[in-house]
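Below are the chains, spelled out letter by letter.
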Amino acid sequence: FISFEGDVRVIRAATRETIPANGDTQLYPGDTVQTQANGRARISLADGSTLVVKPNSTIIVRDNARGDDGKRTNVHVVVDSGQLSVRTEQQAAGTTNVVETPKTKSTVGEQTNASFGVNPEGTEEIRVATGAIETTNSSGEKTAIRGGEYVSVNNSGRLSAAQRLLDVPQPAQPHDLEKVFVAPNGAASVALKWQ
C-alpha cells in the first residue's frame, strides 16, 4: 500500500484471515482488498503501476511478480465489484498488466490511465483517459479502447461502441496566484468558474 484512508481490509488467500490494511501490509497472489464506504487505497505493483481502489470495492490480486531477469513483470488484478483506476508507466519488453472483471479481460498498455467499474446490477464500464487497452469480452470479441474513450458492458457481456469522453474543463476563475481577501469576520467569497 502506498496510502489508504478509512476502512480498508485485506483477506489473506492462504488463511482467509481478514486484517486491517496498514503501511506494512504486503499483498500476495490471491489476496483480496476490500474498501468500505469510507475506504480508499492506493497500491503499487511490481511493474511500477499504481492502483486506486475506490470506496465500496473488492479487488483480488491474482499475480504480482517480477521475472528472474528483474525486468519482465506479470500483474493481474480482478475487479470483483466497485471501481478501480490503474496507471501504468513505461513497461519492459515481455511485461503484462491485466485487469479482469466478471465480463471482460483487459491488457493495459504502457503509460495508460484507465478506470474499470463493476456495478451492482451487473453492468460494467471502462474509461481510458490516456494510453490504450485491449479488452476481450466473455464471447472472445476483442476491442481496442484508446485514450479519451469510454465503453459500457451490458449484462450479457456485450461492449458498446466507443464513445468520446468529455474533455477536462479548464479553470477560468480564480486565476493562478490570485489574492483572495478575507473579511474581518474571517469569511471570504470566491467564485469558481470553468470554461
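In the block above lies the structure referred to throughout.
Just so it is clear, the structure is predicted and the values come from calculations on it, not from any experiment.

Before going further, it helps to examine the overall build of the protein. Each helix and strand counted, the protein has zero helices and 18 strands in total. Projected onto its principal axes, the C-alpha coordinates of the protein cover approximately 60 × 40 × 40 Å. Accessible surface, the protein: about 11300 Å² in total, of which carbon and sulfur atoms supply 47%. If you average the places of the 20 positive and of the 22 negative side-chain charges in the protein, the two averages end up 2 Å apart.

Turning our attention to the pattern of salt bridges. Taken as a whole and judged by the stated rule, the model has five salt bridges. For Lys142, the salt bridge identified is with Glu134, shortest N-O distance 4.0 Å. Residue Glu134 is classed as partly exposed on the basis of its relative accessible area, which comes to 38%.

Once that is clear, we can look at the pairing of strand β9 (residues 96-100). By the bridge criterion, five bridges tie strand β8 (residues 73-87) to β9 in an arrangement that is parallel. Residue pairing across strands places Val78 opposite Glu100, the latter belonging to β9. Bridge count between β9 and strand β10 (residues 104-108): three bridges; the pairing is antiparallel. Following the sheet pairing, Glu100 is matched in β10 by Lys105. Taking the residues that link successive antiparallel strands as the turn, the β9-β10 hairpin has three residues.

Moving on, we come to the packing of aromatic side chains. Given two aromatic rings, their pairing is described by the distance between the two centres and the angle made by the two planes. Counted according to the given criterion, the structure contains one aromatic pair. Between Phe1 and Phe4 the ring centres are 6.0 Å apart and the planes differ by 70°, which places this aromatic pair in the edge-to-face class. Taking relative accessible area as the criterion, Phe1 reaches 16% and is therefore assigned buried.

All right, on to the side chain of Thr25 then. Note on placement: Thr25 falls in the loop between β3 (18-20) and β4 (32-35). Thr25 gets classed as buried once you look at its relative accessible area, which sits at 6%. Looking at Thr25, its side chain comes within polar contact range of the main-chain nitrogen of Asn22, at 2.9 Å. Residues in contact with Thr25, not counting those within four places in the same chain, are Phe1, Val10, Arg12, Ile19 and Pro20.

Note that Pro55 resides in the loop between β6 (50-53) and β7 (57-66). By relative accessible area, Pro55 is classed as partly exposed at 31%. Each C-alpha atom, one on Pro55 and one on Arg40, is 5.4 Å from the other, the two residues being 15 residues apart in sequence. Dropping the residues within four chain positions of it, Pro55 is found in contact with Thr35, Gln36, Ala37, Gly39 and Arg40.

A word on the nonpolar core. By size, the foremost hydrophobic cluster in this structure holds 31 residues, and its most contacted members are Phe1, Ile43, Leu51, Ile59, Leu84, Phe116 and Ile133. Of all elements in the fold, only β2 (8-11), β5 (40-44), β6, β7, β8, β11 (113-118), β12 (124-130) and β15 (149-153) reach the threshold of two or more residues within this core. Looking at this core element by element, the count peaks at five residues for β8. Sequence-distant contacts of Ile43, defined by excluding residues within four places in its chain, comprise Phe1, Ile2, Leu27, Val33, Ser49, Thr50, Leu51, Val53 and Ile59.

Side chains of Val180, Val190, Leu192 and Trp194 sit close together on the surface and give an oily, nonpolar patch of about 410 Å² of accessible area. Within the fold, Trp194 resides in strand β18 (residues 193-194).

On to the side chain of Thr73. Within the element layout of this structure, Thr73 appears in strand β8. Thr73 sits in the buried class, given a relative accessible area of 1%.

We now examine unusual backbone geometry. Glycine aside, residues mostly have negative phi angles, and peptide bonds mostly take the trans form. Cis rather than trans, the peptide bond between Gln173 and Pro174 has omega equal to 0°. Mapped onto the elements of the fold, Pro174 is located in the loop between β17 (171-173) and β18. For Gln111, which is not a glycine, the phi torsion comes out positive at approximately 50°. With respect to the helices and strands, the residue Gln111 is situated in the loop between β10 and β11. In this structure, Leu177 takes a positive phi of about 60° despite not being glycine. Its location among the elements puts Leu177 in the loop between β17 and β18. Residue Leu177 is classed as exposed on the basis of its relative accessible area of 86%.

How each quantity is defined
Residues numbered from 1 in each chain as written. Predicted model: local features only at pLDDT ≥ 70, side-chain atom pairs only at ≥ 80, totals over all residues. Heavy atoms only, no water. Helix = DSSP H or I, 4+ residues; strand = E, 2+ residues; numbered from the N terminus. Areas by Shrake-Rupley, 256 points an atom, 1.4 Å probe, with all protein chains shown as cover. Lys, Arg positive; Asp, Glu negative; His and termini not counted. Charge placed at Lys NZ, Arg CZ, Asp CG, Glu CD. Salt bridge = Lys/Arg side-chain N within 4 Å of Asp/Glu carboxyl O. Buried < 20%, exposed > 50% of the residue type's maximum accessible area, 1.4 Å probe, protein only. Pairing = 2+ DSSP bridges. Phe/Tyr/Trp six-rings, centres within 6.5 Å; stacked < 30°, edge-to-face > 60°. Polar contact = N/O pair within 3.5 Å; in protein donor to acceptor, adjacent residues only side chain to side chain. Contact = heavy atoms within 4.5 Å. Core = buried A, V, L, I, M, F, W, Y, C linked by side-chain atoms within 4.5 Å. Patch = residues over 30% accessible without salt bridge, like charges linked within 9 Å, V, L, I, M, F, W, Y side chains within 5 Å.

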